[in-house]
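# Coordinate inspection notes
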There are 2 protein chains.
Amino acid sequence: MMRFPKNQGRWVVIEGRGTGQPTDLTDVRSANLAVVLRHVRTHTPCSRADIAAHTGLNKATVSSLVTELLDRRLLRETGPAGNRIGRPASLLTLQGRPFAAVGIEVGADHLAAVAVDLTGERVLSWRRAFPGLGASAGRAESAVAALAGRVAAKLTADRRRILGLTVAVPGAVTAEGAVRFAPHLGWSDLDLRPALTRVLRHPDYEIAVENDADLAAVAEHRSGPQAGAPDLIVLLGGAGVGAGVIAGGRLVRGDRGLAGQVGHLQLDPAGPLCRCGRHGCLEAYAGLPALVRAALPDTLADGPITDYAPELDRMVAQAGAGDPVAMRALAEAGRRLGHAVSVLSDLLDPRAIVLGGTFAALAPWLLPAVEAEMKGRALVSAADSSTADGQVRASTLEPGAVAAGGAALALERLESGYLPGK
Amino acid sequence: MMRFPKNQGRWVVIEGRGTGQPTDLTDVRSANLAVVLRHVRTHTPCSRADIAAHTGLNKATVSSLVTELLDRRLLRETGPAGNRIGRPASLLTLQGRPFAAVGIEVGADHLAAVAVDLTGERVLSWRRAFPGLGASAGRAESAVAALAGRVAAKLTADRRRILGLTVAVPGAVTAEGAVRFAPHLGWSDLDLRPALTRVLRHPDYEIAVENDADLAAVAEHRSGPQAGAPDLIVLLGGAGVGAGVIAGGRLVRGDRGLAGQVGHLQLDPAGPLCRCGRHGCLEAYAGLPALVRAALPDTLADGPITDYAPELDRMVAQAGAGDPVAMRALAEAGRRLGHAVSVLSDLLDPRAIVLGGTFAALAPWLLPAVEAEMKGRALVSAADSSTADGQVRASTLEPGAVAAGGAALALERLESGYLPGK
């Protein structure tokens, strides 16, 4: 087994070679086991010869690695490949059955849980209402832990071994898994990871707490249409707006784990007042409360909104029916979103920027305005307009993408060389 | 030797472990040689036992690795460590003498060349005037190549072997070393790296072309006060403004190598007209032409500025003498710079943001306004003001930091496992 990194509470999306750490022979074997696992996942089904040809590992090494992975029940054989001369090569695929990884999303108005098997197939998908903003720290911890406990019990009853659990929070999460602040949940300085570990009685799987937009980015990087693209950004819409940034194949976390705060990017100092006290922040144009105010002005009479799902459905229905107020509001939000997308694009030059969460649901009305605004702004598109097309798109992973990203993060660990003990 | 990455024209600042590629025994040895080199550089002088204790490599392995590095003349012994009982351990340090790495900076009005030895010590530092904006593509290539050739001849005459040459350009540079656009030089789509390789007659060292702010970030990451900090940003002032971003110990390049474009970050749509046709871009407040216009209004009468160095000197002199116009102009620029710094800070959560280039020279008048503006803006500082202090500072590496960063990038290659052939 490879050494664990110092910070065990966070998992890293890794690609490419790093050489900053000394390496020994067990590391080499772990690294190569991970390379084989990754190859089988991305080229399933494939033969031992295919693996050797693509990875550059020699055939005897591949054979030995595959034997170990079969033995660990991470791979399985699917029978011989047809149409070959000589002894038929048996094909390999990931062993879905015995393992599962779990992601739990904490939203302003709901909790969602997704479990996937090793192949990424969903084996469980639950959703329940949750008064995020109303819940005290203690109640929030209990609610998340209770859901995690029920998911774990269900998976265990199904005779699956849990590889890891990741909780997604719409806020700033430190490297230690503490929620520094999550304004739309009313949380600050909540030591969520240690609390969950305690309440779940120190399970033998890893528990992590991560920012929701970061996990949306992991989900896109693992299974979206641009899976594997080294540079990818997700703009996740909800009560607030967050960004998940993958650069050079790795999640950008920042020094304190607080990267990706884009909600208070000020687009116009003369713009509408934002909750933060300044004017013209992205959130003041494209956060759900702002969208509801502009697109469904009659809703204001009903008092403060605690459950956004019905309002989002109404917005989609109104815009779909061609309601001019809703359409105008979404076009204006899209224009502002396009401005923010241009800023991210100039700074980080991603291959794609994916609109997730509420933005994905509203994409048919937001995207044309986003694209028009970008065309006028992007510096690179000015020099070469051909590259700007298709750079922004709506997520096709919704719903549950954030929770699925949490589960995917636990799977990524395998391909970073952290195999479960036998 | 480790395999070269597919793209040989770009070097990567690497830290931490990556496992996306298969590994074999020669890779392991290269990786471990690099680990020893890095340890000696950051803990010089040190003994074999120190290296073993700190890296986790066993003593016999360290001994063998050190013997090879002595043999390759990358390390040397400095004599026994004092105050020890038993056989005195000999101490190791980097062998400065036989190697050199070169960086060349192309500025709007000058070329600068810096060569460093293996220890990072400057062995050459040249500067000459260069009409960047006036030079045609052919003349620009010839001028850079001529300077590179003279530097190489000098180093060869000094019996130094060149490890690599990096050319820094204030513009967008592709992964292949082509300058996509560099508006302040009047360049676009200039295939600089292939041209230099040709003119320098395919030398046995690597030639790279990089964005200047990226190299300023490499320089800070390697030898600034926050050296080694995994998350670091440099805002490089000049005719334009660029950002060099290091995240998770690696330079963020983006999908096409165009990351770090911050000059046209729009801070206020109602702000002054920018060259790009929009209003209120960072460059329209803090680029040198804007600074000169605001701080030295009488200069305008002299016609367009082609050489900024005297104007910068005058600005420093005026502000230093307490001239109210200059001080007010710099405070306003600092305020806008603080706004941009806040945006970068929220998005990328770096440990430090370093002001380089002209901003470093003007820091005494810019920084107070930058810090005041940040204090009012940064989200994280709102939650915990203690972390915001000292987050922004002026570079102490000036002048020549960009060229030195180019040289440092060539040295980084060694610590990524690419040792020079014997």
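Overview of the structure.

To continue, consider the pairing of strand β14 (residues 241-247) of chain B. Residue and element names in this part refer to chain B. The buried count for β14 comes to seven of seven residues, which makes it a mostly enclosed element. What you see with β14 is no split at all: Val241, Ala243, Val245 and Ala247 on one side and Gly242, Gly244 and Ile246 on the other are buried throughout. Bridging between strand β13 (residues 232-237) and β14 involves six bridges; their strand directions are antiparallel. Note that in β14 the partner of isoleucine 233 across the bridge is valine 245. Hairpin connection from β13 to β14: three residues lie between these consecutive antiparallel strands. The pairing of β14 with strand β15 (residues 250-251) spans two bridges and is antiparallel. Within β15, the position partnered with alanine 247 by the bridge is arginine 250. Here β14 hands over to β15 after two residues, with glycine 248 in that stretch at a positive phi of 60°.

A separate point is the state of the cysteines. Using the criterion set out here, one finds zero disulfides over all chains in the structure. The structure places no disulfide on Cys274(A), whose sulfur is separated from the nearest cysteine sulfur, that of Cys276(A), by 3.8 Å. There is no disulfide at Cys276(B), and the cysteine sulfur nearest it, in Cys281(B), is 3.6 Å away.

Quick look at the pattern of salt bridges now. Summed over all chains, the structure comprises 38 salt bridges over all chains. Arg336(A) is the salt-bridge partner of Glu332(A), the closest N and O atoms lying 3.0 Å from each other. With Glu332(A) and Arg336(A) both in helix α10 (residues 324-348) and four residues apart, this pair spans about one turn of that helix. Its salt-bridge partner being Glu415(B), residue Arg41(B) comes within 2.7 Å of it at the nearest N-O pair. Of this pair, Arg41(B) sits in helix α1 (residues 25-42) while Glu415(B) sits in the segment after α14 (401-414), and the two are 374 residues apart along the sequence. With a relative accessible area of 4%, Glu415(B) lands in the buried category. The network of salt bridges with common partners includes Arg38(A), Arg41(A), Arg222(A), Glu412(A) and Glu415(A).

Time to look at the sheet that holds strand β4 (residues 99-106) of chain A. Residues and elements named next belong to chain A. If you walk across this open sheet you meet the five strands as β6-β5-β4-β7-β11, and the pairing is mixed. The open sheet has two free edges, formed respectively by β6 (122-129) and β11 (206-211), since each of these has just one partner strand. Along the sheet, successive strands turn relative to each other by an average axial angle of 15°, direction set aside. Of the strand pairs in this sheet, strand β5 (residues 110-116) and β6 are connected by seven bridges, and their pairing is antiparallel. Residue pairing in the sheet places histidine 110 in a bridge with alanine 129 of β6. Along the sheet, helix α14 (residues 401-415) contacts β4, β5, β6, β7 (161-169) and β11; its crossing angle with β4, the most-contacted strand, is approximately 140°.

All names here are of chain B. The strand order β9-β10-β11 describes an open sheet built from three strands, whose pairing is antiparallel. Only two strands of the sheet have a single partner each, and these edge strands are β9 (172-173) and β11 (187-190). Pairing between β9 and strand β10 (residues 179-182): two bridges, direction antiparallel. The residue of β10 that forms the bridge with valine 173 is valine 179.

Conventions adopted
- Residues numbered from 1 in each chain as written.
- Chains lettered and ligands numbered in written order.
- Predicted model: local features only at pLDDT ≥ 70, side-chain atom pairs only at ≥ 80, totals over all residues.
- Heavy atoms only, no water.
- Buried < 20%, exposed > 50% of the residue type's maximum accessible area, 1.4 Å probe, protein only.
- Helix = DSSP H or I, 4+ residues; strand = E, 2+ residues; numbered from the N terminus.
- Pairing = 2+ DSSP bridges.
- Disulfide = S-S within 2.5 Å.
- Salt bridge = Lys/Arg side-chain N within 4 Å of Asp/Glu carboxyl O.
- Axes fitted to C-alpha atoms, helices over the stretch in contact; angles between N-to-C directions.
- Contact = heavy atoms within 4.5 Å.

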